[in-house]
Amino acid sequence: MAVKVVKFGGTSMADAGAINQVADIVKSDPERRYVVVSAPGKRFSGDTKVTDLLYACYHDLEINGECSATFAKIRERFEGIVKDLGLDLDMKPILDEVEKKMVINYSVDYCASRGEYLSAIVLAKKLGFEFVDAEKIMIFDVNGNFMSEQTNELVAKTLKDIKCAVIPGFYGADGTGSIHTFSRGGSDITGAVVARAADAVIYENWTDVDGFMSADPRIVENPTIIKKLSYKELRELAYMGANVLHPEAVFPVKASGIPINIRNTFNPQAPGTLIVAEVEEDEFAKRQITGVAGKKGYSIIFIEKELMNSELGFGRRVLSVLEYYNILFEHMPSGIGTLSIVVSDSELAGKEDVVLERIRNIVKPDNIEIKSGISLISTVGHGMSFRPGTAAKLCEALAKANINIRMIDQGSSELNIIVAVATQDYEKAVNAIYHAFA
């Protein structure tokens, strides 16, 4: 029998009603044999995600050495779900053990991971599936680095003899038994890892939207649903803020050519978005772009120096400063006498003065400054660099909206054009670009 791996996000696991819907979806297709789940998300506006409550527990432990008051909210949430589902499952000893271990372990990763752990126990009981703890099959090293190949072998070996299973997302463990987590939203990665190991025919990622949208619906009114896009397009859009799927979830399934299907738990009839290795030529030929996505919170380190282009190793020496201070950079467009390095504000925070001073000492620029309040917008689509007029249309749209482009980066990639604009113009710029190509 073919295998489908399905992952359900926090909204899909938020309460008993949502979990009943999840169970109906899983049971409607016998090929949906392996299920990965997130921790319960918000039930309504103003509600608190279980993962946020768990992080709050960790902070309580840091300050007071106990977290009973905050953990009581988690108890109430899970006991309420089990009661509403009518399950014969006593959550008290399970929750007692979790709280006890949280106090003993006093680890932020252990605390944060318990929402997925508890969520998977509940859904496994509801479905009658086996519970497989991610701690036993998702391998990290002691430094928290994910060991993909070792994990792939172990997951494949473990699932070989298990017909149906529920697996918590987001975490694993190292050889000492210490829990490690992926970055926030990492249950998507767990699902992709399981899909690869199980040699799934498809990886279904169930969320609360009808598919991958061509722009952020909080910014653009009624953006279109993308019916099909490539792994590369997905990675670009997800990295630049389209948060339907964790950007790192692409890699495990891409290695095996497994398609991803973004689906809506609360509208299962919708076909969603299919993500594949390559989009057929006729598919992207009829659309000018695939989508627009962006992020706020960037700064530009702007460097000027005459004859910079003839100074061997100039760029390397500048970047060595960022490496020295453990700062990642996003883009580095340059001119004959200028160099601009785009970095996120979170990377640069508190290091601005020392970074500027060290660059001054090493490369002796004529001028150096940090320009803050920058947002990046990526316009994504296959073949854009080979389609005359794409960049011109984008720039014209921004000019008509009276928006100044602070930086533009297209490079040799056919896949995207990135512009930097003042953050105050971000929403207006996204709308201008989207409607120019709609």
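Residues numbered from 1 in each chain as written. Predicted model: local features only at pLDDT ≥ 70, side-chain atom pairs only at ≥ 80, totals over all residues. Heavy atoms only, no water.

**Q** Looking at this structure, I do not really get the pairing of strand β12 (residues 338-344). What am I missing?
**A** Residues in a regular strand point their side chains to alternate faces of the sheet. Where burial is concerned, most of β12 is hidden: six out of the seven residues are buried. Pairing of strand β11 (residues 291-304) with β12, which is carried by seven bridges, proceeds in the antiparallel orientation. Residue pairing for β12: I303 is matched across the bridge by L339. (Buried < 20%, exposed > 50% of the residue type's maximum accessible area, 1.4 Å probe, protein only. Helix = DSSP H or I, 4+ residues; strand = E, 2+ residues; numbered from the N terminus. Pairing = 2+ DSSP bridges.)

**Q** How should I be thinking about the sheet that holds strand β10 (residues 273-276) in this particular structure?
**A** Two strands in a sheet stick together by hydrogen bonds in their backbones, pointing the same way (parallel) or opposite ways (antiparallel). Reading across the sheet, the eight strands line up as β3-β4-β2-β1-β7-β9-β10-β8 and stay open at both edges, with mixed pairing between neighbours. Looking at which strands have only one partner, the edges of the open sheet turn out to be β3 (130-131) and β8 (228-230). By the bridge criterion, two bridges tie β3 to strand β4 (residues 165-168) in an arrangement that is parallel. The residue bridging F131 from the neighbouring strand is V166, located in β4.

**Q** When you look at the sheet that holds β12 in this model, what are you seeing that I'm missing?
**A** In spatial order, the strands read β12-β11-β13-β15-β14; together these five strands make up an open sheet with antiparallel pairing. For this open sheet the edge positions go to β12 and β14 (407-409), each flanked by a neighbour on one side alone. Taken over all neighbouring pairs, the strand axes of this sheet differ in orientation by 30 degrees on average, direction set aside. Here three bridges tie β14 to strand β15 (residues 416-422), and the two strands are oriented antiparallel to one another. Across the sheet, residue M407 finds its bridge partner in β15, namely A420. (Axes fitted to C-alpha atoms, helices over the stretch in contact; angles between N-to-C directions.)

**Q** Please explain the packing of helix α3 (residues 68-85) against helix α4 (residues 91-105) as it appears in this structure.
**A** When two helices pack together, you describe them by how their axes are tilted relative to each other and by the distance separating the axes. Following both chains from N to C, one finds α3 and α4 inclined at 150 degrees, their axes separated by 11 Å at the closest point. Classified by the angle between their axes, α3 and α4 sit roughly antiparallel to one another. Relative to α4, α3 is oriented so that their crossing is right-handed. Along the contact surface, α3 presents S68, F71, R75, F78, E79 and V82, while α4 presents M91, K92, L95, D96, V98, E99 and M102. Here the contact of α3 with α4 is built from residues that sort into seven nonpolar, one polar and five charged. (Parallel < 35°, antiparallel > 145°, perpendicular 65-115°, else oblique. Left-handed = near helix turned anticlockwise from the far one by under 90°. Contact = heavy atoms within 4.5 Å. Nonpolar A, V, L, I, M, F, W, Y, C, P; charged D, E, K, R; others polar.)

**Q** Explain helix α2 (residues 50-64) here, please?
**A** The terminal C-alpha atoms of α2, which comprises 15 residues, lie 20 Å apart, in line with the 21 Å expected from a rise of 1.5 Å per residue. Residues of α2 that are buried: V50, T51, L53, L54, C57, Y58, D60 and L61. With its buried residues spanning 165 degrees around the axis, α2 presents them on a single face. A positive phi of about 80 degrees marks G65, the residue just after α2. (Expected span 1.5 Å × (residues − 1). Arc of directions from axis to C-beta.)

**Q** Which parts of the structure should I look at to understand the packing of aromatic side chains?
**A** Describing an aromatic ring pair means giving the distance of the ring centres and the angle of the ring planes. Summed over the entire model, instances satisfying the criterion amount to six aromatic pairs. Measuring from centroid to centroid gives 4.9 Å for Y324 and Y325, while their planes differ by 85 degrees, and the two rings are edge-to-face. Feature note: the residues F140, F146 and F182 constitute an aromatic cluster, connected by ring pairs. A cation over an aromatic ring shows up here: R114 above the ring of Y171, its NZ or CZ 5.0 Å from the ring centre. Above the plane of the ring of F302 lies K371, whose end atom (NZ or CZ) is 4.2 Å from the centre. (Phe/Tyr/Trp six-rings, centres within 6.5 Å; stacked < 30°, edge-to-face > 60°. Lys NZ or Arg CZ within 6 Å of the ring centre and 35° of its normal.)

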